[in-house]
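Structure assessment
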Amino acid sequence: MPAGSPGPSAVVGFDDDVDDVRHPAVDAAVRAMANAEGLPPADQIAQYEAAYQTLRETLATIDQA
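So, a few notes on the structure that sits alongside this text. No experiment lies behind these values; they were computed from the predicted model shown. (Residues numbered from 1 in each chain as written. Predicted model: local features only at pLDDT ≥ 70, side-chain atom pairs only at ≥ 80, totals over all residues. Heavy atoms only, no water.)

What follows covers the overall build of the chain. Each helix and strand in the chain was counted, giving three helices and zero strands. Only carbon and sulfur atoms are counted for the fraction: they give 56% of the accessible area of the chain, which is about 4900 Å². (Helix = DSSP H or I, 4+ residues; strand = E, 2+ residues; numbered from the N terminus. Areas by Shrake-Rupley, 256 points an atom, 1.4 Å probe, with all protein chains shown as cover.)

For helix α3 (residues 41–64), with 24 residues, the first-to-last C-alpha span of 35 Å sits near the 34 Å given by 1.5 Å per residue. Residues of α3 that are buried include every one of Gln44, Ala51 and Thr58, and no others. Considering only its buried residues, α3 is in contact with α2 (24–35). (Expected span 1.5 Å × (residues − 1). Buried < 20%, exposed > 50% of the residue type's maximum accessible area, 1.4 Å probe, protein only. Contact = heavy atoms within 4.5 Å.)

We now examine the environment of Ala46. Along the chain, Ala46 turns up in helix α3. Residue Ala46 is classed as partly exposed on the basis of its relative accessible area of 43%. Along the backbone, Ala46 and Met33 are 13 residues apart, and their C-alpha atoms lie at a distance of 9.9 Å.

Here Asn35 is to be found in helix α2. Taking the C-alpha atoms as reference points, Asn35 and Gln47, separated by 12 residues in sequence, lie 8.7 Å from one another.

With respect to the helices, strands and loops of the structure, Thr58 is situated in helix α3. Every residue in contact with Thr58, bar those within four places of it in the chain, is listed here: His23, Ala25 and Val26.

Written out as structure tokens, the structure reads:
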């Protein structure tokens, strides 16, 4: 991550007071991506792909609602 860039929690706003609009699956995917930062590159890719799939599935269910 480039110097001065906000981390994932800063972008998502985990500290903001928006608990009523959060989705547990999305929060878990974002945390998994943030946690991947310390992994070897090959493992990071697997984490990002899993998070991407979770986000796609979650958005698909929201679109169907």
